[in-house]
Amino acid sequence: MPATLESDLALLGELHAQVLHESEDAQLVALIDTLVSPGEDAPADHADLDADTAARLTRAVTVHLHLTNLADERHRSRSLRAEDAEFTGDLDAGDVWPAIAAAGEAVDEQLDRLRIHPVLTAHPTEARRRAVSAALRRIASQLDRYDDPANGPSEREVARRRLLEDINILQRTSTLRRTRPEPHDEVKTALTVFDQTLFRAVPRLYRAVESALARRGPDKPGGYADDVPAFVRFGSWVGGDRDGNPFVTSDVTRQTLATQADQALSLLTFHVDRVARTMTMDQHASPPSAALLEALANDSVAMPEQMAEIVKNSPSEPHRQKLLAVGARVAATQAEHAGLAYHDPEEMLADLRLVKQSLVEAGDERSAHGELQHLIWMVQTFGFHLAELEVRQHSAVHEAALVELLGQLDEVDGRPVTDPLAAARDAALLDRLATGGWPATPLETSERTAEVLDTLRVMAWLQQRWGPQCCGRYVVSFSQSAAHLVAVRALAALAVGDRPLRLDVVPLFETGEDLRGAIGVLESWREADSTRTWLESTGHEAEIMLGYSDSAKDVGPASATLTLYDAQRELVAWGQRRGVRLTLFHGRGGSLGRGGGPLHRAITAQPTGSVDGRFKVTEQGEVIAARYADVMLAQRHLERVTSAVLLADQGEYAARRDAAAVEFAGLAGVVEEASRTAYRSLLDTPGLADLLAAASPLDEIGELRLGSRPARRSGAESGRSIDDLRAIPWVFAWSMTRVNLPGWYGLGSGLAAVDDVAALREAYARWPLFTALLDVAEMSLAKVNRELAAGFLAIGQTPAMTEQILAELDLTEKMVLEVLGQERLLERKPHLDTSVTLRRPYIDALSRIQLRALQRVRGNGAAVGGVEGAEGAEAAEGAEAVGAADRVDWNAVLLLTVNGAAAGLQNTG
């Protein structure tokens, strides 16, 4: 273990133990020790624990895991800073230089069309409360203070006292939410990263690219030595994603963008003022340009009182005066002061560029391209709306609205409407409505249909207020026909009429069947007149979203990975044939069973042409905290992604990848079919839904109140339908059983079907997609505990299914290790191995308590220690009557263990 990490863990562990002693919970310290390192006289299960002690023990272990995560995060940040100083040239380290160097003379052109587009989502996979996150940030701040070599003993003592205070607060803070968060709570949570890290991390990213460009040498022509284009844009689904969430309404969407704009303008006001205060160059040292003097004269007319105060406080400092005037206008924009407000970000950028050009003409290049350039990048990246708010809705909702509306019409453009459902599925008829076929007579609408129309009206209003880039994308879940896509434009024609509305319809293909049928849907969609008109307005650019979560849930992780690869190749070929430049939007989850894993490696594994300088991806749940909670981590994550996007389609790299894809296509076909068959065999087994519900806290997850959206598509919080269950709780529940099934199931059968380990090893060594597939599976398997998994599965009392799952687990681990040529998992990934090893004893401890709690809640009080015999069958024996009060107490323990295990496992949903 690295010395600095060991030191942080030792200090935090010592302080946590002191807090427990001071709160008269000293016994918990000993209990934790025996629970994570049981001896012969101290069984690992602690079957004699009562519910109250189990709850207190769980909270203490959870705090330990939070502190471990914090120490590990600090270690990663320190490591990245050290690597930054060394210019390692390693893609994993996040250095953008290799990609810049590989691009050669084409780098300027590539940067011109580069676009990195993370989209924050409110998917409920982050089990940590905001109060817990705030406490951890305070602890991190005091650790920095404690570690600062410039501080003496007295300052370190102050930091130690504050650390004890905040760890004490953390220990006493409830880890469970008392109320379910509403959409506006999720908006607040998501937007914190912009204030805490992104407004600083993004300019640092651009500076890193600038430095890499400068390293090419003074003889390199062109380049952006002083003005790297702002190639990052952020999107958000928080407050816009209403698929299956009745709490996200048109009013919520309107309020969300108002909140985003308020924060964006507040941050811009702060940073403009900060930079303005440094611009103290007088007019003799840095003479103002004639254009700047004219602008200041105009400002004095437009806002005489403010300018008089500015000139009084900053005499003979024209560049500072202009920036302070910019700040005043940004504040007026936030206050909606019509006379002084900027009309749009471009107007503000013009003022900033005016100041910059004046400094350049004055010979002050350093000031022109310093923090002032950061301001320009901020406005270009975040605008006045922070992130583009995207709307998502299920195709079935649109269809239901159209059925209701069409049922009131006798005909459309001369065609009789006799069957409203058939009409709602007729793309040609809907196309007529989209291009002006609705009658002038008002139609009656139900509350649900009115909400669909109001959402489109709100999008138009928001664009009028904040510009067309603030909210124009409309994602259609389960896009299974052209009619599902034309429907949105048809509804918009009724809702908005001739008023301006930028409406970019984005089809979302999710299941394996939908991915295979995507080309047919797009081909029919393209034939619609409304689609052709829209494509002409976008310069024949379109966006297609690929769903990793539902495809993996549908056909298994191996089949989904390979199917998605083939789908992307077909989409690229279709776009090239039809002259449509596609941006593929990757709906990846945080967990390994939902497309998670190292993002930069996934990017470079994509088919040639599928990236093409543009990468858009969802960032959700705990992934947002892991990637953006620290400025250095955020910068390096974005730098890794930038490097990967620049490298993905570069000649030699792409040629090797494409050759490997062709060479191993037959092998991939065998793996895909065999893995899908094995996975579907389990998924189609009667009783699987009952097994998962019994053996995991699936039905209790809703009580954690992780998000505003229901766990099931129907809105029910419990039930026994796998199809109705969303991918997130599906993955979350399996992670709690410690079998982690969605991350690997079927892969072992797929690899075994090839029956050629040498060929599999060759594919792993030379084909990036296959490398990524096995590496992600290895990480997923490393978080499995077979003994505990057997104990959880035994609660379901389906021995045949349990045996089937564990047999595939054993086969998958065996095959993965054989292909990797290893004796144990993560053998060649020391950083990951350390990370998993640090947490494993504590996660196992929580899992044992959770298993006991689950048995009590389910009415089975068998000892946890029985998990070892007969695949854990003993754990399902010896049922005892459990009183209602006891069940309530143990249910509380169960929820606490779920929260704690989620903190330790980190990517649960």
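So, here's what we can say about the structure. (Residues numbered from 1 in each chain as written. Predicted model: local features only at pLDDT ≥ 70, side-chain atom pairs only at ≥ 80, totals over all residues. Heavy atoms only, no water.)

### With respect to the packing of helix 1 (residues 3-22) against helix 6 (residues 130-147)
Part 1 of the reasoning: Direction vectors running N to C along helix 1 and helix 6 enclose 115°, while the axes themselves pass 12 Å from each other. Here the hand of the crossing between helix 1 and helix 6 comes out right-handed. Here Asp8, Leu11 and Leu12 of helix 1 lie close against helix 6, whose contacting residues are Ile139, Leu143, Tyr146 and Asp147. (Axes fitted to C-alpha atoms, helices over the stretch in contact; angles between N-to-C directions. Helix = DSSP H or I, 4+ residues; strand = E, 2+ residues; numbered from the N terminus. Left-handed = near helix turned anticlockwise from the far one by under 90°. Contact = heavy atoms within 4.5 Å.)

### Here we look at helix 35 (residues 768-782)
Part 1 of the reasoning: For helix 35, built from 15 residues, the straight-helix expectation of 21 Å at 1.5 Å per residue is met to within 8% by its first-to-last C-alpha distance of 21 Å.
Part 2 of the reasoning: Helix 35 sits mainly inside the fold: twelve of its 15 residues count as buried.
Part 3 of the reasoning: Of the positions making up helix 35, those classed as buried are Leu769, Phe770, Leu773, Leu774, Asp775, Val776, Ala777, Glu778, Met779, Ser780, Leu781 and Ala782.
Part 4 of the reasoning: In this structure, the buried side of helix 35 is in contact with helix 25 (557-578), helix 30 (665-683), helix 33 (747-754), helix 34 (757-766), helix 37 (799-820) and helix 38 (830-857). (Expected span 1.5 Å × (residues − 1). Buried < 20%, exposed > 50% of the residue type's maximum accessible area, 1.4 Å probe, protein only.)

### Brief notes about the pattern of salt bridges
Here the idea is simple: oppositely charged side chains can pair when their charged atoms come close.
Part 1 of the reasoning: Considering all chains together, one arrives at 60 salt bridges under this definition.
Part 2 of the reasoning: Between Arg277 and Asp273 there is a salt bridge, with its nearest N and O atoms 3.1 Å apart.
Part 3 of the reasoning: Owing to a relative accessible area of 45%, Arg277 belongs among the partly exposed residues under this scheme.
Part 4 of the reasoning: By relative accessible area, which is 32% here, Asp273 ends up partly exposed. (Salt bridge = Lys/Arg side-chain N within 4 Å of Asp/Glu carboxyl O.)

### Side note on the layout of surface pockets
Part 1 of the reasoning: There is about 1100 Å³ of room inside the second largest pocket.
Part 2 of the reasoning: Arg115, Arg233, Glu388, Gln469 and Arg473 are, among the 45 residues lining the second largest pocket, the residues nearest its centre.
Part 3 of the reasoning: Each residue belonging to the lining of the second largest pocket can be placed in one class, and the counts come to 19 nonpolar, ten polar and 16 charged. (1 Å grid on protein atoms, 1.4 Å probe; cavity = no way out; pocket = protein on both sides within 12 Å on 5 of 7 lines; lining within 4 Å. Points joined across faces, edges and corners; volume = space filled by probe spheres on them. Nonpolar A, V, L, I, M, F, W, Y, C, P; charged D, E, K, R; others polar.)

### Concerning the packing of aromatic side chains
Part 1 of the reasoning: All told, the structure shown has 13 aromatic pairs when counted by the stated rule.
Part 2 of the reasoning: Centroid distance Trp744 to Tyr745: 5.4 Å. Interplanar angle 40°. Geometry classified as tilted.
Part 3 of the reasoning: In this structure Trp744 comes out as buried when scored by relative accessible area, which is 0%.
Part 4 of the reasoning: The buried category is assigned to Tyr745, whose relative accessible area is 3%.
Part 5 of the reasoning: One Lys or Arg, Arg156, reaches over the ring of Tyr146 and ends 4.1 Å from the middle of that ring.
Part 6 of the reasoning: In this structure, Arg465 packs its charged tip against the face of Trp466, placed 3.8 Å from the ring centre. (Phe/Tyr/Trp six-rings, centres within 6.5 Å; stacked < 30°, edge-to-face > 60°. Lys NZ or Arg CZ within 6 Å of the ring centre and 35° of its normal.)

### Considering the nonpolar core
Part 1 of the reasoning: Residues Phe194, Met348, Leu406 and Leu430 are the most contacted members of the largest nonpolar core, which totals 148 residues.
Part 2 of the reasoning: Take this core: its biggest share by element is 14 residues, from helix 8 (residues 183-214).
Part 3 of the reasoning: Ignoring anything within four residues of it in the chain, the contact list for Met348 reads Leu268, Val272, Val326, Val330, Tyr342, Val379 and Phe384.
Part 4 of the reasoning: One finds Val731, Ala777, Ile849 and Leu896 within the second-largest nonpolar core, a separate group that totals 102 residues. (Core = buried A, V, L, I, M, F, W, Y, C linked by side-chain atoms within 4.5 Å.)

### Describing the pairing of strand 1 (residues 115-121)
Here is the key point about a regular strand: its side chains alternate between the two faces of the sheet.
Part 1 of the reasoning: Counted residue by residue, strand 1 has six buried out of seven residues, so it is predominantly covered.
Part 2 of the reasoning: Bridge analysis of strand 1 against strand 2 (residues 235-236) gives two bridges, and the strand direction is parallel. Across the sheet, Val119 pairs through a bridge with Gly235, a residue of strand 2. (Pairing = 2+ DSSP bridges.)

### Regarding the sheet that holds strand 11 (residues 614-620)
Part 1 of the reasoning: The strand order across the open sheet built from nine strands is 3-2-1-11-10-9-8-7-4, with neighbouring strands paired in parallel fashion. A single partner strand is all that each edge strand has here, and the edge strands are strand 3 (388-389) and strand 4 (391-394).
Part 2 of the reasoning: Relative to strand 3, strand 2 is paired through two bridges, and the arrangement is parallel. Residue Gly235 lies in a different strand from strand 3, and its bridge partner there is Glu388.

### Quick notes on the state of the cysteines
Part 1 of the reasoning: Tallied over the full model, the rule gives zero disulfides.
Part 2 of the reasoning: Looking at Cys470, it has no disulfide partner, and the nearest cysteine sulfur is the one in Cys471, 5.7 Å off.
Part 3 of the reasoning: Residue Cys470 is classed as buried on the basis of its relative accessible area, which comes to 0%.
Part 4 of the reasoning: Given the relative accessible area of 0%, Cys471 is considered buried. (Disulfide = S-S within 2.5 Å.)

### Description of the side chain of Ser847
Part 1 of the reasoning: With respect to the helices, strands and loops of the structure, Ser847 is situated in helix 38.
Part 2 of the reasoning: Look at Ser847 and you get buried, because its relative accessible area is 1%.
Part 3 of the reasoning: Reaching out from Ser847, the side chain makes a polar contact with the side chain of Arg738 at a distance of 3.0 Å.
Part 4 of the reasoning: Residues in contact with Ser847, not counting those within four places in the same chain, are Arg738, Leu788 and Phe792. (Polar contact = N/O pair within 3.5 Å; in protein donor to acceptor, adjacent residues only side chain to side chain.)

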